[in-house]
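These are the residues of each chain, in order.
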Amino acid sequence: MIEFRNVTKYYDNGVLALEDVSLRIEKGEFVFIVGPTGMGKSTLLKLIYREELPTKGEVIVGGVNVAKLKPHQVALLRRRLGVVFQDFKLLPNKTVYENVAFALEVMGYSNREIRSRVGRVLDIVGLLHKSNCYPSELSGGEQQRTSIARALVNNPAILIADEPTGNLDMATSWEIMDFFKRINARGTTIVMATHNKEIVNAMRQRVISLYKGRIVKDEYNGSYE
Amino acid sequence: MRIYSVAFIIREAWKGLTRARISTFAAIGIIAFMLVLLGIVSYTFSIVRSIFTGMSSQLEIVLYLKDNLKPEDREILKNRISGMEGVKEVIYVPRDVAWKRFKETFKGNKFVLEILGKNPLPDSFEIKVDSPEYIEVLAKTLVSLPGVKDIDVPLEITRRVNRLIAWVEFGGGIVVLVFIVVSLFVISNVIRLSFVSRIRELEIMQLVGASRFFIKGPFIFEGILCGFFGGILGAILFNILVFLFNKYVLSSFPLFTGFTPYNTLNLSLSLIVFGMIVGGMGSVVFLERHLKR
């Protein structure tokens with residue numbers, strides 16, 4: 001599903017973010033990317049959804065080399081991915097419903113299709129009753145659930161989460177993780193960057209540890225010390 | 001699917017326009033202001049130009065005819081001159097009429113009339129031209145025609161007027177051009193700045209896999225709408241100003257009496273279209289700067 005072949009990434013300012021990283025993530029896996037801040041976790045995720053391009057090496061997602069995609073193909077790639085962030089990235093002037101519907105509108109879905117899909121996904125994340133609320137009227141956990149709903153509304157094959165619990169308290173974080181587990185059980189591949197040890201250790205999933213841009217550990221049923 | 005797409009773009013553009021009312025009003029206001037300025041500059045330019053051309057249309061060539069010229073030859077000559085390029089009108093002035101005019105002019109001056117005694121004037125043609133730049137060339141051809149005794153050409157003044165008109169057109173053209181460039185810059189920047197608060201929106205659109213068409217469409221359309229409303233407002237203000245100017249200023253100057261008020265419809269439409277184009281350009285500049293990939 002996702003493959004890194006000897007990927008090195010330097011940013012324009014000369015900072016080395018990843019060095020000679022190779023990894024494979026199969027369909028349906030649940031993978032944690034862990035490590036202290038600034039060790040390349042976000043860069044690794046950005047390379048998957050092609051926010052960044054590798055300086056050396058290849059990134060293959062769903063069988064295609066992302067560096068070779070044309071702009072309209074990048075859009076198509078992104079539609080097969082759902083991305084969730086620490087800061088939610090919701091549009092403040094749109095309601096919960098509109099924020100989720102937005103992802104489908106830009107793909108040109110019909111209104112009827114949008115209504116039914118958005119309704120379904122908001123039901124899954126338990127926010128149907130808050131459809132008409134604006135992000136500022138929601139708790140952090142609810143905002144994150146909205147952004148997850150937006151990430152999932154197009155049934156993506158892969159869910160990428162960059163510190164999704166970074167701004168949430170522990171109870172809410174568990175709620176989100178519970179949710180991820182259920183999505184994963186339905187077959188969605190999940191790649192999540194985090195430095196929350198408690199969560200990683202409790203989930204017993206594959207854990208890839210990054211340190212100074214290199215993979216220092218890759219264990220199934222792993223933990224984060 | 002396409003209908004939904006177009007509807008989406010229109011809806012998003014409208015939402016964007018009506019959401020941040022103050023910044024939208026500010027943008028429209030600034031666009032209108034720039035367009036009014038541009039309109040005034042163009043209008044002034046066209047007034048000045050038409051004053052000078054009006055002035056130069058007073059210039060005429062006087063062609064004195066030989067005394068023995070037969071009326072039928074005179075007619076042939078007249079037709080020949082009328083057919084020349086740049087000739088607007090040829091008026092035959094018989095010597096009696098010329099003498100009458102002369103006496104009228106020197107009515108108070110008995111001395112001049114006594115010296116001259118009887119009518120010394122020949123028959124003549126008064127030739128009006130389309131534009132003063134023809135005068136010099138025409139004069140050369142006319143003087144060598146059969147039946148022509150002498151020619152009176154306001155050469156020096158023609159040259160001066162021509163030079164003046166050239167300068168007015170050159171200078172005015174530059175001023176108008178500068179204003180076009182300045183308003184291009186100001187308007188496109190106003191649009192771009194009014195979008196800065198929406199970089200996040202752009203980012204999210206890209207993230208959820210919106211095609212470029214979907215990302216750009218609403219922004220460009222909104223920029224064009226903004227330019228359109230600015231253009232309408234600007235055109236209205238401009239026309240009010242022109243109306244007041246014509247009514248209170250233009251009419252009180254006898255210099256302008258021959259001046260027919262310039263038609264502002266075309267200029268107004270140009271201002272609106274200009275606003276729309278530049279508004280769209282501002283959006284494109286914004287998108288080029290902030291769209292990754």
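Conventions we followed
Residues numbered from 1 in each chain as written. Chains lettered and ligands numbered in written order. Predicted model: local features only at pLDDT ≥ 70, side-chain atom pairs only at ≥ 80, totals over all residues. Heavy atoms only, no water. Core = buried A, V, L, I, M, F, W, Y, C linked by side-chain atoms within 4.5 Å. Buried < 20%, exposed > 50% of the residue type's maximum accessible area, 1.4 Å probe, protein only. Phe/Tyr/Trp six-rings, centres within 6.5 Å; stacked < 30°, edge-to-face > 60°. Helix = DSSP H or I, 4+ residues; strand = E, 2+ residues; numbered from the N terminus. Lys NZ or Arg CZ within 6 Å of the ring centre and 35° of its normal. 1 Å grid on protein atoms, 1.4 Å probe; cavity = no way out; pocket = protein on both sides within 12 Å on 5 of 7 lines; lining within 4 Å. Points joined across faces, edges and corners; volume = space filled by probe spheres on them. Nonpolar A, V, L, I, M, F, W, Y, C, P; charged D, E, K, R; others polar. Contact = heavy atoms within 4.5 Å. Salt bridge = Lys/Arg side-chain N within 4 Å of Asp/Glu carboxyl O. Polar contact = N/O pair within 3.5 Å; in protein donor to acceptor, adjacent residues only side chain to side chain.

Draft legend 1. Local environment of the nonpolar core. Grouped together as the largest cluster of nonpolar side chains are 78 residues, with contacts concentrated most on Phe32(A), Val106(A) and Phe180(A). One finds Val7(A), Val74(A), Val83(A) and Ile160(A) within the second-largest nonpolar core, a separate group that totals 30 residues.

Draft legend 2. How the structure looks around the packing of aromatic side chains. One pass over the structure, following the stated rule, counts 15 aromatic pairs over all chains. Geometrically, the ring pair formed by Trp14(B) and Phe229(B) is edge-to-face, given 6.5 Å between the ring centres and 65° between the ring planes. Here Trp14(B), found in helix α1 (residues 2-19), pairs with Phe229(B), found in helix α9 (residues 212-249); they are 215 residues apart in sequence, far enough to count as distant. For Phe229(B), a relative accessible area of 32% gives the class partly exposed. Between the aromatic rings of Phe213(B) and Phe214(B), the centroid separation amounts to 5.8 Å while the plane-to-plane angle is 85°, which identifies the pairing as edge-to-face. The class of Phe214(B) is buried, set by a relative accessible area of 4%. Through successive ring pairs, a cluster of aromatic residues spans Phe102(A), Phe8(B), Phe213(B) and Phe214(B). Its end group placed over the ring of Phe85(A), Lys89(A) keeps NZ or CZ at 4.9 Å from the ring centre. Directly above the ring of Tyr92(B) sits Arg74(B), whose terminal nitrogen or CZ lies 3.8 Å from the centroid.

Draft legend 3. Local environment of the layout of surface pockets. Within this model, the largest pocket holds a volume of roughly 430 Å³. For the lining of the largest pocket, the secondary structure elements donating two or more residues are α1 (41-48) of chain A together with α8 (199-207) of chain B. Among the elements that line the lining of the largest pocket, the one with the most residues is α8(B), at four residues. Of the residues in the lining of the largest pocket, the class split is five nonpolar, four polar and 11 charged.

Draft legend 4. How the structure looks around the interface of chain A and chain B. At the junction of the two partners, chain A supplies 26 residues and chain B supplies 23 residues. Across the chain A-chain B interface, the total number found is three salt bridges. Linking chain A to chain B there are five residue pairs in polar contact (both at pLDDT 80 or more). Sorting the residues of the side of chain A that touches chain B by element identifies α2 (71-79), β6 (81-85) and α3 (96-105) of chain A as the ones contributing at least two each. For the side of chain A that touches chain B, the element with the most residues is α2(A), which contributes five residues. Residue composition of the side of chain A that touches chain B, by class: 13 nonpolar, four polar and nine charged.

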